[in-house]
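Spelled out from the first residue to the last, the chains are:
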Amino acid sequence: DSGVTQTPKHLITATGQRVTLRCSPRSGDLSVYWYQQSLDQGLQFLIQYYNGEERAKGNILERFSAQQFPDLHSELNLSSLELGDSALYFCASSVESGGASSYNEQFFGPGTRLTVL
Amino acid sequence: EDQVTQSPEALRLQEGESSSLNCSYTVSGLRGLFWYRQDPGKGPEFLFTLYSAGEEKEKERLKATLTKKESFLHITAPKPEDSATYLCASLSGGYNKLIFGAGTRLAVHP
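About the criteria used
- Residues numbered from 1 in each chain as written.
- Chains lettered and ligands numbered in written order.
- Predicted model: local features only at pLDDT ≥ 70, side-chain atom pairs only at ≥ 80, totals over all residues.
- Heavy atoms only, no water.
- Phe/Tyr/Trp six-rings, centres within 6.5 Å; stacked < 30°, edge-to-face > 60°.
- Helix = DSSP H or I, 4+ residues; strand = E, 2+ residues; numbered from the N terminus.
- Buried < 20%, exposed > 50% of the residue type's maximum accessible area, 1.4 Å probe, protein only.
- Disulfide = S-S within 2.5 Å.

1. Things to note about the packing of aromatic side chains
The geometry of an aromatic ring pair comes down to the distance between the two centres and the angle between the two planes. In this structure the tally under the stated criterion is 12 aromatic pairs over all chains. Ring centres 6.0 Å apart and planes at 75° place the aromatic pair Phe108 of chain A and Phe100 of chain B in the edge-to-face group. Separated into two different chains, Phe108 of chain A in strand β10 (residues 107–108) and Phe100 of chain B in strand β10 (residues 98–100) make up a pair that spans both. Taking the relative accessible area as the measure of exposure, Phe108 of chain A reaches 3% and is therefore buried. Taking relative accessible area as the criterion, Phe100 of chain B reaches 10% and is therefore assigned buried. Here Tyr36 of chain B and Phe46 of chain B contribute two aromatic rings whose centre-to-centre distance is 5.9 Å and whose plane-to-plane angle is 75°, an arrangement assigned as edge-to-face. You can see Tyr36 of chain B sitting in strand β4 (residues 30–38) and its partner Phe46 of chain B sitting in strand β5 (residues 45–50), a full 10 residues away along the chain. Taken together through their ring pairs, the aromatic side chains of Tyr35, Phe45, Phe90, Phe107 and Phe108 of chain A together with Phe34, Tyr36, Phe46 and Phe100 of chain B make up a single cluster.

2. Remarks on the state of the cysteines
The final tally for this structure, using the stated rule, is 2 disulfides over all chains. The disulfide bridge from Cys23 of chain A ends at Cys91 of chain A, spanning 1.8 Å between sulfur atoms. Torsion about the S-S bond of the Cys23 of chain A and Cys91 of chain A cystine: about -50°, corresponding to left-handed handedness. With Cys23 of chain A in strand β3 (residues 19–24) and Cys91 of chain A in strand β9 (residues 87–94), the pair connects residues that are 68 residues apart, well separated along the chain. There is no split in this pair, since Cys23 of chain A and Cys91 of chain A are both buried. With a sulfur-sulfur separation of 1.9 Å, Cys23 of chain B is cross-linked through a disulfide to Cys88 of chain B. Every disulfide takes its handedness from the sign of the S-S torsion; for Cys23 of chain B and Cys88 of chain B that torsion is 75°, giving right-handed. Of this pair, Cys23 of chain B sits in strand β3 (residues 19–26) while Cys88 of chain B sits in strand β9 (residues 84–92); the two residues are 65 residues apart in sequence, bridging distant segments of the chain.

So far we have only geometry, and geometry alone does not tell us how the molecule works.
Laid out in structure tokens, this is it:
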């Protein structure tokens, strides 16, 4: 158990709908990261938040957005869903610091499996 | 652009048959090379971080090494429970964005 929690575990919805995925980081971690894993793309970085502020963006679609709240939990919002959005969505957390440091090690949650029908 | 390539894509071993997985990286300003284990439908489980060429880390039957261009994950006398996908990822630049390889699917048969 990494200490990172994600809800829900499974989500089945229809095209055009909007869903919210939730993540609680490990105690003491200030950074939260979102990743998407699909069969053909592997693990792809979406976005990072550090202590409530957006820190880095990856291959995140405009239909997707995220935020990190004062208690450090994070939500990933996916809207206007398409069949191709079906994937596993992982949240990871780290303490984070600059340079080469063990505080950069990211620990992953169990994921949310999203199925868009 | 930063890139991480893993080989082989899949590896089948007999129990006790040692082998190595390869992770080649082309990144500027590497700040860490990470190894994760992922079981089907589960989140990646952190194994090791290597920070500089020549560094080695061990955990049970696994040993990770790092050179200036690649990293190896050596599996000694594997057991069926070592079957999983092994992912490597690079951390570079000013942000903590991990760039993952596609992974090596390892199957260890009794």
